Amino acid sequence: MSIVADSGGPFLGRLSLHSLPFWDMLQHPTMSNIINGIIATGAASLVVIGALVVIALLTKYKLWRPLWSDWVTSTDHKKIGIMYIVIALVMLTRALIEAVLMRAQQAVGLHGGFLSPDHFAQLFSTHGTIMIFFMAMPFLTGVINYVMPMQIGARDVSFPVLNSISLGLTAAGAALVMVSLVIGKFSTGGWFGYPPYTEATFSPGVGPDYWIWALSLAGLASTLTGINFAVTIYKERAPGMKLMRMPLFTWTALCTAILMIFAMPPLTVATSQLALDRYLGFHYFTNALGGNMMNFANLFWLFGHPEVYILILPAFGVYSEVIATFSGKALFGYRSLVMATMAIAILSFTVWLHHFFTMGQNANINAVFGIASMLIGIPTGVKIYDWMLTMFRGRVRFTTPMVYSIGFILLFVLGGMSGILLANPTIDYQVHNTVFLVAHFHNVAVPGVLFGMLTAYHFWFPKAFGFRLNERWGIISALCWIFGFMGAFFPLYALGIMGLPRRTVAYAQARYVPLEWVAFLGALLLLAALLALLWQLWISIRDRDANRVFVGDPWDGRSLEWSNSAPPPEYNFAVIPSVQGRDAFTMAKENHSAYERPDTYKDIELPKNSAMGLVIAALGFALAFGLVWHIWWLVIAALLAVIASMIVRGFARDTTRLVSAQEVRREHHRWIDAVAAATAVSRANECKTVNVGLAQHQANGVVP
């Protein structure tokens with residue numbers, strides 16, 4: 001019996017016992033239903049048990065008040081950034097487990113397997129949706145949130161409360177995806193949700209509705225974030241911080257913000273129109289009454305291809321910072337890297353049609369978009385050469401961030417080469433619907449995005465929390481990620497050329513089996529990489545007192561975020577720095593002006609904590625959940641509450657607080673005293689306990 005056929009009445013809408021993951025297994029105990037029911041129930045149980053454990057720990061250790069006052073109501077960009085990253089890591093865990101399940105299914109998929117087609121389709125739909133919208137996007141948003149304001153010498157982003165609201169909307173979307181494990185089922189229409197399959201006629205259940213409203217919440221959050229970041233970079237830069245003096249990471253953040261502003265609205269329009277089709281019988285994407293499903297494909301990929309560069313550009317910025325820092329040199333070709341970043345941002349809007357080369361456009365259109373798709377490889381190649389030349393004749397330190405960076409360069413170049421092949425419409429026509437395309441996409445997304453974010457995590461973790469991560473386990477995890485990726489996805493190139501279709505639950509040709517098993521073993525190594533990452537975090541927290549870096553510059557950093565304590569004060573800088581050139585902190589160290597005591601201090605105005613982000617998160621989730629399950633009273637109540645909360649916030653006047661000049665002076669002098677007492681460590685000792693956050697400065701790889 002379908003979910004739609006059973007109703008919980010006007011109070012619960014479509015919600016009923018049939019919405020539970022184990023109900024079909026109990027009602028129809030076939031072998032297939034039992035296996036898939038056990039897996040689904042196990043996943044739902046993990047979500048519920050995990051939530052209960054978190055609640056129990058918060059209660060046991062009396063952390064509810066600190067959680068409320070120090071985190072969820074905070075408008076500090078640094079804490080908001082950390083919360084984004086926590087969401088990303090939680091969602092990464094779920095998505096990676098789903099990936100291992102899919103690889104396991106395909107390893108034994110000859111003439112069957114253990115997953116039903118419907119369950120397998122849910123897995124690849126949730127995996128893709130989570131990795132793009134609820135892992136990569138929150139991760140990069142969190143990193144930009146944490147780092148960018150300090151890099152430009154600002155106290156915070158331009159709109160701190162809006163920043164909190166964006167986090168709340170993202171959290172609400174992520175929660176909606178997680179709830180789909182427990183109540184109902186997620187979409188089986190892929191992360192791209194193509195109609196007519198996602199129309200009500202073909203998919204009358206709640207799955208596509210979960211997808212629509214989760215993406216709507218996430219898309220709105222990203223649009224608001226893009227506006228916030230762009231305004232911050234344009235308006236909040238420190239005196240002297242001209243555009244061509246900004247660090248490369250800030251440049252990539254600016255281009256990413258612009259892409260968010262212009263690329264997210266097409267997605268919001270597409271999901272809104274699909275919702276109108278499903279809920280009110282419109283015909284935007286159906287053949288009846290003049291609809292056209294290709295309009296959805298165009299709208300989705302008008303968002304989707306710029307989205308690829310929304311994901312990759314911040315990672316490019318991270319690699320630029322890391323490679324320069326751990327090579328002990330200024331970044332080679334700064335201006336060319338800036339120009340390449342802007343060129344990629346512009347060209348990303350000109351290539352969306354290559355995502356449907358196989359859908360029937362004429363040859364001239366395909367040729368134009370094929371050429372544009374090849375052109376975008378040129379600025380990317382410029383970046384690769386600049387990074388290599390930055391390392392050339394530098395004193396490269398093979399720390400965990402550098403291991404990720406070098407692995408990225410090797411693997412990303414291979415993925416880019418396969419992308420050039422797919423930019424040829426004739427080749428794309430042959431392999432588009434095979435796992436060759438899966439291999440290509442992951443070959444750029446995993447080393448480019450995931451490795452980039454993990455690099456940022458390791459690079460800036462000491463700045464955020466005041467102690468270093470365990471280096472040994474960091475290297476182990478990095479190597480597992482790199483070699484696990486190679487094992488999991490390199491075989492798919494060969495399988496694609498052999499003709500294995502993508503998104504297939506089973507196959508009939510025995511020649512696929514050996515490579516499928518290699519891919520499964522690679523996926524297990526990726527799972528080991530995640531476990532090593534979590535273990536590294538655990539032992540780093542355990543040993544944190546031995547690895548404190550309060551002075552704040554453990555890696556001989558080059559930009560302004562390293563010029564304050566670790567963790568930084570809420571206001572970032574006791575006195576807003578005056579920037580004299582590129583690599584501002586390096587210049588200050590070389591001029592012996594990095595650690596000075598100002599003659600005077602001023603009161604600093606900061607925004608007060610606000611519950612607005614949490615309120616919007618709760619109401620956004622309630623509104624979306626009500627829409628998914630047709631609980632109309634909940635929809636109306638949540639919508640009215642959203643409007644009321646915005647009106648109430650509009651009348652708020654007491655929204656700021658002052659940090660006194662005396663408090664700023666006291667905190668700053670405590671840090672300067674720690675700097676004076678510290679001994680600068682050489683590169684050979686930067687990962688040892690003697691490093692308290694004061695690295696020996698190197699000018700172009702040489703200690704001056």
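This text goes with the structure placed above it.
Keep in mind it's a predicted model, so treat the numbers as computed, not measured.

K.L.:
Break down the environment of Gly 693 for me, citing the residues and quoting the values.
P.N.:
Within the secondary structure, Gly 693 is located in the segment after helix H22 (661-677). Residue classification places Gly 693 among the buried positions, given a relative accessible area of 0%. Linking Gly 693 and Trp 555, residues 138 residues apart in sequence, is a C-alpha distance of 7.7 Å. Apart from the residues within four sequence positions on either side, Gly 693 is in contact with Val 549, Val 551, Gly 552, Asp 553 and Pro 554.

K.L.:
Could you give an account of a nonpolar patch on the surface, naming the residues involved and the relevant values?
P.N.:
Judged by side-chain polarity, Ile 636, Leu 639, Leu 640, Ile 643, Met 646, Ile 647 and Phe 651 come together as a nonpolar surface patch covering roughly 740 Å² of accessible area. Among the structural elements, Leu 640 can be located in helix H21 (residues 632-650).

K.L.:
Please set out the pattern of salt bridges residue by residue, giving values where relevant.
P.N.:
Applying the stated criterion across every chain, the model contains 17 salt bridges. Among the ionic pairs, Arg 397 bridges to Glu 686, the shortest N-O distance being 2.9 Å. Linking Arg 397 in the loop between helix H13 (377-391) and helix H14 (400-422) with Glu 686 in the segment after H22, this pair joins segments that are 289 residues apart in sequence. Judged by its relative accessible area of 5%, Arg 397 is buried. Accessibility expressed as a relative area gives 2% for Glu 686, which makes it buried. When the shortest N-O distance is used, the salt bridge between Arg 657 and Glu 570 registers 2.5 Å. Here Glu 570 lies in the loop between helix H18 (513-542) and helix H19 (584-590) and Arg 657 lies in strand E2 (residues 656-659), a separation of 87 residues in the sequence.

K.L.:
Which residues make up the packing of aromatic side chains, and what values go with them?
P.N.:
One pass over the structure, following the stated rule, counts 45 aromatic pairs. Between Phe 285 and Phe 296, the aromatic rings sit 5.2 Å apart at their centres with planes inclined by 85 degrees, giving edge-to-face as the arrangement. Linking Phe 285 in the loop between helix H9 (248-280) and helix H10 (293-327) with Phe 296 in helix H10, this pair joins segments that are 11 residues apart in sequence. Of the two residues, Phe 285 and Phe 296, neither departs from the other in class, the shared state being buried. Joined through ring pairs, the aromatic side chains of Phe 133, Trp 191, Phe 192, Tyr 194, Phe 282, Tyr 284, Phe 285, Phe 296, Phe 300, Trp 301 and Phe 303 make up one cluster. Note that Lys 79 overlies the ring of Trp 71, its terminal NZ or CZ placed 5.5 Å from the centroid.

Rules behind the numbers
Residues numbered from 1 in each chain as written. Predicted model: local features only at pLDDT ≥ 70, side-chain atom pairs only at ≥ 80, totals over all residues. Heavy atoms only, no water. Helix = DSSP H or I, 4+ residues; strand = E, 2+ residues; numbered from the N terminus. Buried < 20%, exposed > 50% of the residue type's maximum accessible area, 1.4 Å probe, protein only. Contact = heavy atoms within 4.5 Å. Patch = residues over 30% accessible without salt bridge, like charges linked within 9 Å, V, L, I, M, F, W, Y side chains within 5 Å. Areas by Shrake-Rupley, 256 points an atom, 1.4 Å probe, with all protein chains shown as cover. Salt bridge = Lys/Arg side-chain N within 4 Å of Asp/Glu carboxyl O. Phe/Tyr/Trp six-rings, centres within 6.5 Å; stacked < 30°, edge-to-face > 60°. Lys NZ or Arg CZ within 6 Å of the ring centre and 35° of its normal.

The analysis is restricted to geometry; functional conclusions fall outside its scope.
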